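Here's the letter readout for the chains.
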Amino acid sequence: ATPTDPLDVLEDFGDRWNPMVVREVRRMLKSRSFGVSYILLTLACLAAAYLFTLNSSFTSETADRGDVFCQVFLGLLTIPVMIVVPLSLFSSASQEHTEYTLEMLSVTTLRTEQLIWGFSWCGVAHAGVYFCSLGPYICFGYLLGGVGLLQIIAGILCVASMGIAAGIWGLMLGACSKGPISRNIFGGLSVLGGLGLTGLTMSLNGLFFSPFGENAWEGI
């Protein structure tokens with residue numbers, strides 16, 4: 001019998017398309033790191049928005065401070081995308097070795113590309129939750145003035161592209177860690193790579209939202 005419940009249809013579609021995606025997304029949603037990071041990010045966004053509303057320079061109708069507003073929330077978005085998501089991918093990939101599940105997956109009908117795309121799409125879904133959470137705050141900066149739509153798009157694309165690089169870095173290191181010693185070493189390298197990309201992303205966004213960047217975008 002064909003399932004009539006929309007949830008059953010979606011679940012069957014995921015199993016037919018790539019069961020690894022379903023497994024990894026479920027594991028991600030049940031992980032403690034996801035819940036803690038999401039709550040901390042939400043509290044940080046609420047605190048930042050509350051502090052902005054208390055600042056008279058941001059509530060003044062004549063002040064165009066949307067650039068600072070967007071930079072702050074893009075910076076908050078950068079931290080989980082560059083650090084939490086790559087660490088989650090690193091942990092998932094390394095657990096395949098420590099829990100000896102990689103050998104079990106090798107005897108199934110799953111292809112190698114399905115395994116890789118399963119981890120990758122899980123990282124996209126994980127980062128997408130953070131993008132959706134901070135999207136309204138970033139878009140509100142456009143209403144404050146002083147920032148262009150192209151600047152906001154460039155900032156979001158910068159975070160997304162650097163997040164992809166950080167996710168690939170964490171996934172690659174997780175696949176290479178086969179023991180407790182290598183896992184600790186590669187885990188530290190994953191964090192260092194995420195911190196480096198975080199600093200680079202914030203620097204690029206600072207350039208995008210600077211007066212030089214604003215003049216450059218106006219010329220397009």
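Please read all numbers here as calculations on a predicted model, not as lab measurements.

Colleague: Tell me what's going on with the layout of surface pockets, and back it up with residues and numbers.
Modeller: What the largest pocket holds in volume is close to 370 Å³. Every residue lining the largest pocket is counted, 18 residues in all, and those nearest its centre are Ser120, Gly123, Val124, Gly163 and Ile164. Listed by contribution, the elements that provide at least two residues to the lining of the largest pocket are helix 5 (66-98), helix 7 (112-144) and helix 8 (149-176). Ranked by the residues each element gives to the lining of the largest pocket, the list is headed by helix 7, at eight residues. Class assignment of the residues belonging to the lining of the largest pocket gives a composition of 13 nonpolar, five polar and no charged.

Colleague: Quick one: what's the story with the packing of aromatic side chains, residue by residue and with numbers?
Modeller: In this structure the tally under the stated criterion is six aromatic pairs. Judged by centre distance (4.7 Å) and plane angle (45°), the rings of phenylalanine 69 and phenylalanine 73 are tilted. In this pair, phenylalanine 69 and phenylalanine 73 both sit in helix 5, four residues apart, roughly one turn of the helix. Of the two residues, phenylalanine 69 and phenylalanine 73, both sit in the buried class. Ring pairing ties together the aromatic residues Phe69, Phe73, Tyr137 and Phe140, which thus form one cluster.

Colleague: Give a description of a nonpolar patch on the surface that names residues and reports values.
Modeller: Residues Phe140, Tyr142, Leu143, Leu149, Leu150, Ile153 and Leu157 make up a contiguous nonpolar surface patch of roughly 710 Å² in combined accessible area. Of all the elements in the fold, those that place two or more residues in the nonpolar patch are helix 7 and helix 8. Among the elements that make up the nonpolar patch, the one with the highest residue count is helix 8 (four residues). Checked against the element boundaries, phenylalanine 140 lands in helix 7.

Definitions and cut-offs
- Residues numbered from 1 in each chain as written.
- Predicted model: local features only at pLDDT ≥ 70, side-chain atom pairs only at ≥ 80, totals over all residues.
- Heavy atoms only, no water.
- 1 Å grid on protein atoms, 1.4 Å probe; cavity = no way out; pocket = protein on both sides within 12 Å on 5 of 7 lines; lining within 4 Å.
- Points joined across faces, edges and corners; volume = space filled by probe spheres on them.
- Helix = DSSP H or I, 4+ residues; strand = E, 2+ residues; numbered from the N terminus.
- Nonpolar A, V, L, I, M, F, W, Y, C, P; charged D, E, K, R; others polar.
- Phe/Tyr/Trp six-rings, centres within 6.5 Å; stacked < 30°, edge-to-face > 60°.
- Buried < 20%, exposed > 50% of the residue type's maximum accessible area, 1.4 Å probe, protein only.
- Patch = residues over 30% accessible without salt bridge, like charges linked within 9 Å, V, L, I, M, F, W, Y side chains within 5 Å.
- Areas by Shrake-Rupley, 256 points an atom, 1.4 Å probe, with all protein chains shown as cover.
- Salt bridge = Lys/Arg side-chain N within 4 Å of Asp/Glu carboxyl O.

Read these as layout, nothing more, since geometry by itself doesn't imply function.
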